[in-house]
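Results of the structural survey
What follows is each chain in one-letter form.
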Amino acid sequence: MYAGQFTSRFRHRDRLRHDEGAPPVADIEQAKATFAKFDADGDGRVTPDEFKSAMAAMGDHLVTGPMAEAVIKAKDSDGDGLMSFDEFWTSVQG
Ligand SMILES: [Ca+2]
Ligand SMILES: [Ca+2]
């Protein structure tokens, strides 16, 4: 009985160690929280202006308007000039 408990505990630790070594899995809840930081007006789309402001708020004042546009454009798979959560989620899943 004690031996069995030890074995299962050992296996559990082994699995945890394996998980720690695995590459980080994109977490949709975390992605939503990050997306919400960019989406200042909460309409579900991030504009280049919102992206630029969010980067400045996070301390990165080097992001210019054209840079923000380029970043949004790179993720903008439906071409509406805005980054939807789906587009953001696709980009973070890499
Ligand atoms: Ca927005
Ligand atoms: Ca889009």
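Everything below is about the structure printed above this text.
Just so it is clear, the structure is predicted and the values come from calculations on it, not from any experiment.

**Details of the overall build of the protein**
Tallying secondary structure elements over the protein gives 5 helices and 2 strands in all. Secondary structure elements of the protein occur, N-terminal to C-terminal, as α-α-β-α-α-β-α. Sorting the 94 residues of the protein into buried and exposed places 14% on the buried side. Of the contacts made within the protein by residues no fewer than 6 positions apart, 35% connect residues no fewer than 24 positions apart.

**Looking at the environment of Lys 73**
Mapped onto the elements, Lys 73 comes out in helix α4 (residues 65–75). On the basis of neighbour count, Lys 73 is assigned to the exposed category, with 12 C-beta atoms found within 10 Å. Considered as a pair, Lys 73 and Thr 47 are 26 residues apart in the sequence and their alpha carbons are 9.9 Å apart.

**Observations regarding helix α3 (residues 48–57)**
Inspection of α3 places Pro 48, Glu 50, Phe 51, Lys 52 and Ala 54 among the buried residues, and these make up the whole buried set. Lining the buried residues of α3 we find α2 (28–38), β1 (45–46) and α4. One or two residues past the end of α3 sits Gly 59, with phi positive at roughly 100°.

**Comments concerning the nonpolar core**
Nonpolar side chains in soluble globular proteins tend to end up buried together. Counting 9 residues, the largest nonpolar core is built from Phe 35, Phe 38, Val 46, Phe 51, Ala 54, Ala 68, Ile 72, Met 83 and Phe 88. Residue assignment for this core shows that the elements contributing at least two residues are α2, α3 and α4. Once residues lying within four places of it in the same chain are set aside, the contact partners of Phe 51 are Phe 38, Val 46, Ala 68, Val 71 and Ile 72.

**A short note on the environment of Ala 68**
Within the secondary structure layout, Ala 68 lies in helix α4. The spatial distance from the C-alpha of Ala 68 to the C-alpha of Phe 51 is 6.1 Å, given a sequence separation of 17 residues. Beyond its immediate chain neighbours, meaning those up to four positions away, Ala 68 contacts Pro 48, Phe 51, Lys 52 and Val 63.

**Details of the packing of α2 against helix α5 (residues 85–93)**
At a closest axis distance of 10 Å, the pairing of α2 and α5 adopts a crossing angle of 125°. In terms of orientation, α2 lies oblique with respect to α5. α5 is crossed by α2, and the crossing has right-handed handedness. Residues Ile 28, Ala 31 and Phe 35 of α2 form the contact with α5, whose own contacting residues are Phe 85, Phe 88, Trp 89 and Val 92. Of the residues belonging to the contact of α2 with α5, the class tally is 7 nonpolar, no polar and no charged.

**Considerations on the environment of Pro 48**
Residue position: Pro 48 is located in helix α3. You can call Pro 48 buried: it has 22 C-beta atoms within 10 Å. Between the alpha carbons of Pro 48 and Glu 69 there is a distance of 4.9 Å; along the sequence they are 21 residues apart. Once residues lying within four places of it in the same chain are set aside, the contact partners of Pro 48 are Gly 65, Ala 68, Glu 69 and Ile 72.

What counts, and at which threshold
Residues numbered from 1 in each chain as written. Chains lettered and ligands numbered in written order. Predicted model: local features only at pLDDT ≥ 70, side-chain atom pairs only at ≥ 80, totals over all residues. Helix = DSSP H or I, 4+ residues; strand = E, 2+ residues; numbered from the N terminus. Buried ≥ 20, exposed ≤ 12 C-beta atoms within 10 Å, placed from the backbone. Contact = placed C-beta atoms within 7 Å. Core = buried A, V, L, I, M, F, W, Y, C linked by C-beta atoms within 7 Å. Axes fitted to C-alpha atoms, helices over the stretch in contact; angles between N-to-C directions. Parallel < 35°, antiparallel > 145°, perpendicular 65-115°, else oblique. Left-handed = near helix turned anticlockwise from the far one by under 90°. Nonpolar A, V, L, I, M, F, W, Y, C, P; charged D, E, K, R; others polar.

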